[in-house]
Amino acid sequence: MHSWFKKGLTAAVAMLAITGLAQPAASAAPGAPGEDITAALKKIPGLKIVSEDPAPTGYRFFKLTYTQPADYTNPKAGTFEQRLTLLHRDVTAPTVMFTSGYNVSQAPNRSEPTQIVNGNQVSMEYRYFTPSIPAKTDWHKQLTIWQAAVDEHRIVQAFKSIYHANWLATGGSKGGMTATYFRRFFPNDVNGTIPYVAPNDVINEHDSYNEFLSKVGDPACRDAVKAVQRDALKRRDELGGLVKQVSDQKGYTYDVVGSLDKAIELIITDTYFTFWQYQPPTECANVPKPGAPAKDLYDWFEKVDSLTGYADQEGASTIAYNYQAAYQLGWYETYDAHLRDLLRYPGTFVPWTFLPKDIKRPRFDHFAMPDIDFWVRTQAKNMLYIYGEYDPWGAERFEPAKFPWSDNHVYTVPKGNHGAKIAQLPADQAAAATATVRKWAGLPAQAAEARTFSAPSAPAGFPRFDADLMMIDRPKF
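Structural notes, computed from the coordinates.

Some points on the side chain of glutamine 147
- Counting through the fold element by element, glutamine 147 comes out in helix H5 (residues 145-159).
- In this view, glutamine 147 contacts Ala70, Asp71, Tyr72, Arg127, Lys141 and Gln142; residues no more than four positions away in its chain are not counted.

Description of the packing of aromatic side chains
- In this structure the tally under the stated criterion is 28 aromatic pairs.
- Residues tryptophan 331 and phenylalanine 364 carry aromatic rings whose centres are separated by 5.7 Å and whose planes lie at 85° to one another, so their mutual orientation is edge-to-face. With tryptophan 331 in the loop between helix H13 (319-329) and helix H14 (368-378) and phenylalanine 364 in the loop between H13 and H14, the pair connects residues that are 33 residues apart, well separated along the chain. As far as the burial class goes, tryptophan 331 and phenylalanine 364 line up, both buried.
- Ring pairs connect the aromatic residues Tyr209, Phe273, Tyr310, Tyr332, Phe349, Phe354 and Trp393, which therefore count as one cluster.
- Its end group placed over the ring of tyrosine 102, lysine 174 keeps NZ or CZ at 5.4 Å from the ring centre.
- One cation-aromatic arrangement involves arginine 361 over tryptophan 352; the distance from NZ or CZ to the ring centre is 3.5 Å.

Observations concerning the environment of glutamine 324
- With respect to the helices and strands, the residue glutamine 324 is situated in helix H13.
- Along the sequence, glutamine 324 and tryptophan 139 sit 185 residues apart, while their C-alpha atoms lie 9.2 Å from each other.
- With near-sequence residues (within four places) excluded, glutamine 324 lies in contact with Tyr126, Leu143, Thr144, Ile145, Lys174, Leu329 and Gly330.

A word on the environment of valine 96
- Looking at the secondary structure, you find valine 96 in strand S4 (residues 95-99).
- The buried category is assigned to valine 96, whose relative accessible area is 0%.
- Residues valine 96 and valine 117, spaced 21 residues apart in sequence, show a C-alpha to C-alpha distance of 8.8 Å.
- When sequence neighbours within four positions are dropped, the list of residues in contact with valine 96 reads Ser111, Pro113, Thr114, Val117, Asn120, Gln121, Val122, Leu168 and Thr170.

Observations regarding the environment of asparagine 382
- Here asparagine 382 is to be found in the loop between H14 and strand S8 (384-388).
- Spatially, the C-alpha atoms of asparagine 382 and asparagine 408 are 5.1 Å apart, while their sequence positions differ by 26 residues.
- Of note is the side chain of asparagine 382, whose polar atom sits 2.8 Å from the backbone oxygen of asparagine 191.

A word on H13
- Most of H13 sits out of view: 11 of its 11 residues are buried.
- The complete set of buried residues in H13 reads Ile319, Ala320, Tyr321, Asn322, Tyr323, Gln324, Ala325, Ala326, Tyr327, Gln328 and Leu329.
- Contact partners of the buried residues in H13: helix H4 (139-142), H5, helix H6 (174-185), helix H12 (312-315) and H14.
- A positive phi of about 90° marks glycine 330, the residue just after H13.

Side note on H5
- In this model, H5 (15 residues) spans 21 Å end to end at C-alpha, consistent with the 21 Å of a helix rising 1.5 Å per residue.
- Among the 15 residues of H5, 14 are classified as buried, and the element is accordingly described as predominantly covered.

Topic: the pairing of strand S2 (residues 60-69)
- Of all 10 residues in S2, seven are buried; the element is thus mostly enclosed.
- Note: strand S1 (residues 47-53) against S2, six bridges, orientation antiparallel. From the neighbouring strand, leucine 47 faces S2, where its bridge partner is tyrosine 66.
- Between S1 and the antiparallel strand that follows it, S2, lie six residues; glycine 58 among them carries a positive phi value of about 90°.
- Note: S2 against strand S3 (residues 79-88), 10 bridges, orientation antiparallel. If you follow phenylalanine 62 over to S3, its bridge partner there is leucine 86.

Structural notes on the packing of H5 against H6
- The contact between H5 and H6 brings their axes to 9 Å, and the two run at 80°. In this view, H5 runs roughly perpendicular relative to H6, as classed from their interaxial angle. On the side of H5, the interface is formed by Ile145, Trp146, Ala149, Glu152, His153 and Val156, while H6 contributes Thr178, Tyr181, Phe182 and Phe185.
- Of the residues that constitute the contact of H5 with H6, the class distribution is seven nonpolar, two polar and one charged.

Some thoughts on the state of the cysteines
- On inspection of all chains with the given rule, the structure shows one disulfide.
- Disulfide partner of cysteine 221: cysteine 284, at an S-S distance of 2.0 Å. Between cysteine 221 and cysteine 284, the disulfide has an S-S torsion of -85° and is therefore left-handed. Residue cysteine 221 is located in helix H8 (residues 219-234), and its partner cysteine 284 is located in the loop between helix H10 (260-278) and helix H11 (294-304); the two are separated by 63 residues in the primary sequence.
- Of the residues examined, cysteine 284 reaches a relative accessible area of 22% and is grouped as partly exposed.

Observations regarding the nonpolar core
- One finds Leu41, Leu86, Ile145, Phe159 and Leu307 to be the most contacted residues of the largest nonpolar core, which totals 100 residues.
- Discounting chain neighbours no more than four positions away, the residues touching leucine 307 are Leu239, Val243, Ile264, Ile267, Ile268, Tyr298, Phe301 and Glu302.
- Core analysis: the second largest hydrophobic core is formed by 19 residues, Leu168, Ala420, Ile422 and Trp440 among them.

Here we look at the pairing of S4
- With five of five residues buried, S4 lies mostly within the body of the structure.
- Of the two faces of S4, the one carrying Thr95, Met97 and Thr99 and the one carrying Val96 and Phe98 are both buried.
- As defined by bridge partners, S4 adjoins strand S5 (residues 120-124) across five bridges and the pair is classed as parallel. Within S5, the position partnered with phenylalanine 98 by the bridge is serine 123.
- Sheet topology note: the S4/strand S6 (residues 167-172) ladder contains four bridges and is parallel. Its bridge partner lying in S6, phenylalanine 98 is registered against threonine 170.

So, how was this worked out
Residue positions are given per chain, counted from 1 along the sequence in the order it is written. Given that this is a predicted model, residues contribute local features only at a pLDDT of at least 70 and side-chain atom pairs are listed and counted only at 80 or more, while totals for whole chains, interfaces and linings are drawn from all residues. Calculation of side-chain values draws on the structure's entire complement of heavy atoms; hydrogens and water are dropped beforehand. Helix numbering and strand numbering both begin at the N terminus, where a helix is a DSSP run of H or I of at least 4 residues and a strand a DSSP run of E of at least 2. We call two residues contacting when some pair of their heavy atoms lies within 4.5 Å. The rule is short: rings of Phe, Tyr and Trp, with Trp giving its six-membered ring, pair when the centres are within 6.5 Å, and they are stacked under 30 degrees, edge-to-face over 60, tilted in between. Burial classes follow relative accessibility: with a 1.4 Å probe on protein chains only, a residue under 20% of its type's maximum area counts as buried, one over 50% as exposed, and anything between as partly exposed. Placement of a charge over a ring requires the Lys NZ or Arg CZ to be within 6 Å of the ring centre, with the centre-to-atom vector within 35 degrees of the ring normal. Counted as a polar contact is a pair of N or O atoms within 3.5 Å, where, for protein atoms, one must be capable of donating a hydrogen and the other of accepting one, and residues adjacent in sequence contribute only when both atoms are in side chains. Here the expected span of a helix is defined as 1.5 Å times the quantity of residues minus one. Any two strands are treated as partners once DSSP identifies two or more bridges connecting them. Working convention: axes come from line fits to C-alpha atoms, limited for helices to the stretch in contact. Angles between N-to-C directions cover 0 to 180 degrees. Geometric relationships in this document are graded by angle, where less than 35 degrees denotes roughly parallel, more than 145 denotes roughly antiparallel, 65 to 115 denotes roughly perpendicular, and other angles denote oblique. Think of it as three bins: nonpolar holds Ala, Val, Leu, Ile, Met, Phe, Trp, Tyr, Cys and Pro, charged holds Asp, Glu, Lys and Arg, and polar takes everything else, Gly as well. A pair of cysteine sulfur atoms is labelled a disulfide when the two atoms are within 2.5 Å. Grouping buried Ala, Val, Leu, Ile, Met, Phe, Trp, Tyr and Cys residues that are joined through side-chain atoms within 4.5 Å yields what is termed a nonpolar core.

Right under this line is the structure:
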C-alpha cells in the first residue's frame, strides 16, 4: 500500500470520527421562527457573544468566539477560543462562510459572494493567528490544513442550526486555498465554493512562477522594474539610512531575518513579484528611473513593497503563514537572475528565514498539496475559481474536474492582479459567474434583462466592494 494512500486513509477515518462527534446538543434548537438572533446564538454550545457592534442598515453585526479543540487527534491537548464574526441579515437567506486564512476583520464587511446572494456571512480567524491560538502550542501537530478544515467544519455545522438555507464558502489568496482545503475534507458542508486568486503549489520543487514572471505584462514595464531593483541594491546604503531612520522612529527591530541590511535586500529582491501581484498596468509609468532621488525611490517602495516590511514587528502577524509555507503549502523561487551580482544574501528568501529562532523549522510534507490537487482535478464539484491574468500567484492554479456533472468553473480577469473579482470579468463572463453563484445559493434565476452583471448595490454603511476581505498584506510566500 502506497504511503500517500495510507496517509489519506488515516485522515479519512479521523474525519469520520470528527464528523460524528460534531457539537454537543443544545438544550433547545436555535433558529426557531421569529426568535431573536441573539437568543439563537446563545443556544449554540461553545459560542460566546463578545459584542454586538453597529452595522449597516438591514444587518446586525456580532463579534464572537467559539471553543475549538487544539488538536483533533488528541483530546488532552486542550482548547482555544477562535475569533469569529457574524453579519446577520435573515435566517432564511443564504449564508457565506468566509476566511482570509489570516486574522478576521473586526469590521462588518461583505465578501463579493455575500453581496451577490445578499446573504448572511460567518467569518473565521485561522488558527494560530493571534489571539486564536492555544495556550500550549504544538505547531507541527496543530497547525495543519486538516486541523483548520475541521475548525471550519465545526463552525458551519454549529451555525446551520440557525441558518437552514444554502451555504457557500469563499476566501481570497490564502483564504481561497483554505476554502478549497475545507471542501476537500468536508465536500458536503456547503453547496458551492468560490475561491479567489488561490495558488496551488502542487510540487514545491517545480516552479512555474519565474517562467510566468519572465513574460508577464509589457516588456518595457518588466525592464523598468528590473532596473529600479538594481538601482536600489546599488544604493542600499543610501536607502538604508532612510529605512533606519523610520525604523528607529517606530521602534522596529530585525532580529528574525538577521539584520536591517538583509531585510532591505529581501524586500528589493521580492519587489518584482510584488509589483505584478498588486499594481495595475497603469503604474508602469510611475516606476522611478535609475538615479532618482533616494526619497522618491523610498516612497515608491512604500507603495509597492515597504522596505520596513520584514521588521520583526511587521512580520509578527504572518509567522503562522510562514510556518505553513515551510510545512505544507510550499513557496516560490525568487525571480532574481538579473540581480545575482548584487546580492549579499543569495538563497535566503525561504520561509524559515522569517520564523523566530524558537520555532523549529518543520520537515516539508510532500503529500499535502498533491492530495488536494488530485481531489480538485478528479472529484471536486461546484467550485468557481477567479484569477488575475497578471497575478504571479495564478501561475500555479487549481484546475477543477471537468466532468459534465461537476459544474466547476475557472475565470481569469484580463490584466487583473491579486485583487481579481467577478465584477472585473468581461460582462458576459461576470453574468455567467454570478448566475452560477446564485444557483448554488438556491436563489431563482434572474430575468433575462437583468443577467448583464452590475455590481450589487450596497446597503447604507457598506463600501461598494470590500477589498480588505481579500488578502491585502502580501504573504511572504
